[in-house]
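# Residue-level structural notes
Listed below, chain by chain, are the residues.
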Amino acid sequence: MKIATFNINGIRARIETLTGWLAEAQPDVVVLQEIKTQDEAFPHEPIADLGYNIATHGQKSFNGVAILSKYPLEDMMRGLPGDGSDEQARYIEATVVGERAVRIAGLYLPNGNPQPGPKFDYKLAWMERLRNHARSLRDSELPVVMMGDYNVIPEPRDAAHPEKWRDDALFQPESRAAFRRILNDGWVDAIRLRHPDSLRGPFTFWDYQAGAWQRDNGIRIDHILLSPQAADLLVDLGIDRDERAKDKPSDHVPVWAVLEA
DNA sequence: ATGGTCGCTAAGCGA
């Protein structure tokens, strides 16, 4: 089972970019972030034509997440538990059954800028809710994958120029500590597992501005977290960097893993 | 030090 996460930065502006990548990469399951549309305006047809079932959790203009799957989507859940007043569409979860059942969570963690301020407070509160929910997922003892745009740079080596991110919400000690707390509850950072000795990178995001891609001025903020039972099934992992050089790219690239499932 | 680039939606916000 090949699973992937892709912050698409506007599904309607990016539909041809997405379908081109889907046809080439042939993932079985994809979680999308920043679809930036309500459910009614999501372009189902070109994606369904490639053999995918689709579940969306959209919002007008901003945020919005989705799951695409060649397997049926079971036990759908929309929204992150823990705050009934939170109206931002940032979380979706479903079970897919290939050779075995895998619980898939797709998330778009709040950016949190500017910090300090209410947006940063919301980010940290959201991370605490995610940790709580992640613990219950972990306790299921099923293979679980929690992937998406975490908007957290875990370590200095996850940025080309970490000093430039010193005052940014993505690199604050509080953000990094909250991310670490989730990992320490028993989750595996699959990219880092596969690149243990890299002194710089790999990256998953390059800003549109100031020639960031051309200068390889990137950061690693899209993450695939595996429960222990999912980590046992990991057989391959990749980052489709080449997507960033194509026409009309997202500022993020797809990250994928192959599970023996 | 500033602006730089996108998407969404129609001037400015979010990233």
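Residue positions are given per chain, counting from 1 as you read along its sequence in written order. Written order determines the labels here, with chains lettered from A and ligands numbered from 1. Totals for whole chains, interfaces and linings use all residues, but because this is a predicted model, local features are given only for residues with pLDDT of at least 70 and pairs of side-chain atoms are given and counted only at 80 or more. Hydrogen atoms and water are omitted, and side-chain values are computed over all heavy atoms in the structure.

As annotated in an unreviewed UniProt entry, chain A carries the name Exodeoxyribonuclease III and is attributed to Paracoccus limosus. UniProt positions are given in the numbering used here, feature names are shortened, and annotations may be inferred rather than shown by experiment. As recorded by UniProt, the Sequence similarities (unreviewed entry) comment attached to chain A reads in full: "Belongs to the DNA repair enzymes AP/ExoA family."

## Here's the deal with the protein's contact with DNA strand B
Every one of the 16 residues lining DNA strand B counts as a neighbour, but Arg 14, Ser 61, Lys 119, Tyr 208 and Gln 209 are closest to it. Counted by atom, the contact set of DNA strand B within 4 Å of the protein is 71% sugar and phosphate. Within the side chain of Arg 12, an N or O atom sits 3.3 Å from a phosphate oxygen of DNA strand B. Here a phosphate oxygen of DNA strand B and a side-chain polar atom of Ser 61 are 2.9 Å apart. Considered class by class, the residues forming the surface near DNA strand B number 4 nonpolar, 5 polar and 7 charged. Residues are counted as near a molecule or strand when any one of their heavy atoms sits within 4 Å of it. Any pair of N or O atoms that falls within 3.5 Å is considered a polar contact. Within protein, one atom must be able to donate a hydrogen and the other to accept it, and sequence-neighbouring residues count only if both atoms are side-chain atoms. The nonpolar class holds Ala, Val, Leu, Ile, Met, Phe, Trp, Tyr, Cys and Pro. Asp, Glu, Lys and Arg form the charged class, and all remaining residues, Gly among them, are polar.

## A word on the nonpolar core
Judged by nonpolar contacts, the single largest core of 35 residues is most densely connected at Ile 3, Val 102, Ile 104, Val 145, Ile 224, Leu 226 and Leu 259. Whether two residues are in contact is decided by their heavy atoms, any of which lying within 4.5 Å being enough. Those residues in contact with Val 102 that sit more than four places away from it in its chain are Met 1, Ala 94, Thr 95, Val 96, Pro 143, Val 145, Leu 259 and Ala 261. Residues belong to one nonpolar core when they are buried, are Ala, Val, Leu, Ile, Met, Phe, Trp, Tyr or Cys, and are joined through side-chain atoms within 4.5 Å. The rule is simple: take the accessible area with a 1.4 Å probe, protein chains only, and divide by the maximum for that residue type; under 20% is buried, over 50% is exposed, in between is partly exposed. Membership of the second largest hydrophobic core comes to 20 residues, among which are Trp 126, Leu 137, Ala 178 and Phe 179.

## Some thoughts on the UniProt feature "active site" (unreviewed entry) in chain A
Sequence positions flagged by UniProt for "active site" (unreviewed entry) are, in local numbering, Tyr 108, Asp 149 and His 252. Across 145 residues of sequence, these annotated residues stay compact in space, with a maximum C-alpha separation of 12.5 Å. Helix and strand assignments come from DSSP, with helices taken as H or I runs of at least 4 residues and strands as E runs of at least 2, each series counted from the N terminus. Tracing the backbone shows Tyr 108 in strand β7 (residues 101-108). You can call Tyr 108 buried: its relative accessible area is 8%. Each residue touching Tyr 108, except ones within four places of it in the same chain, is listed here: Asn 7, Gln 33, Glu 34, Asn 63, Val 65, Arg 90, Trp 126, Asp 149 and Asn 151. Within the structure, the side chain of Tyr 108 is placed 3.4 Å from the side chain of Glu 34, a separation counted as a polar contact. Take His 252: it is sitting in the loop between β13 (234-239) and β14 (255-259). On the basis of relative accessible area, His 252 is assigned to the buried category, the value being 4%. Ignoring anything within four residues of it in the chain, the contact list for His 252 reads Phe 6, Asn 7, Asp 149, Thr 204, Phe 205, Ile 221 and Asp 222. Of note is the side chain of His 252, whose polar atom sits 3.4 Å from the side chain of Asn 7.

## As for the sheet that holds β14
Strand pairing is assigned whenever DSSP detects at least two bridges linking the two strands. Within the open sheet, the 6 strands sit side by side as β3-β4-β2-β1-β14-β13. Their pairing is mixed. Pairing within the sheet leaves two strands with one partner each, and these edge strands are β3 (53-57) and β13. Adjacent strand axes in the sheet meet at a mean angle of 15°, parallel and antiparallel pairs treated alike. Packing of helix α1 (residues 15-25) onto the sheet brings it into contact with β1 (2-7), β2 (29-33) and β4 (65-69), and relative to β1 it is tilted by some 160°. Comment: axis = line fitted to C-alpha atoms, over the contacting stretch for helices; angle = value between 0 and 180 degrees taken between N-to-C directions.

## Digging into the UniProt feature "site: Transition state stabilizer" (unreviewed entry) in chain A
According to UniProt, the "site: Transition state stabilizer" (unreviewed entry) feature falls on Asn 151. Tracing the sequence through the fold places Asn 151 in the loop between β8 (144-149) and α4 (173-184). Taking relative accessible area as the criterion, Asn 151 reaches 5% and is therefore assigned buried. Leave out the neighbours within four places in its chain, and Asn 151 touches Tyr 108, Leu 109, Pro 110, Asn 111, Lys 123, Leu 170 and Ile 221. A distance of 2.8 Å separates a polar atom in the side chain of Asn 151 from the backbone oxygen of Leu 109.

## With respect to the side chain of Asp 222
With respect to the secondary-structure elements, Asp 222 resides in strand β12 (residues 222-226). Although Asp 222 is buried, it makes no salt bridge; Arg 220 carries the closest opposite charge, 9.3 Å away. Separated by 2.7 Å, the side chains of Asp 222 and Thr 204 make a polar contact. A polar contact is formed between the side chain of Asp 222 and the side chain of His 252, at a distance of 2.8 Å. Look past the residues within four positions of Asp 222 in its chain and what remains in contact with it is Asn 7, Gln 33, Gly 148, Asp 149, Ile 191, Thr 204, Phe 205, His 252 and Val 255. Counted as positive: Lys and Arg. Counted as negative: Asp and Glu. His and the chain ends are not counted at all. Salt bridge, as used here: a side-chain nitrogen of Lys or Arg that lies within 4 Å of a carboxyl oxygen of Asp or Glu.

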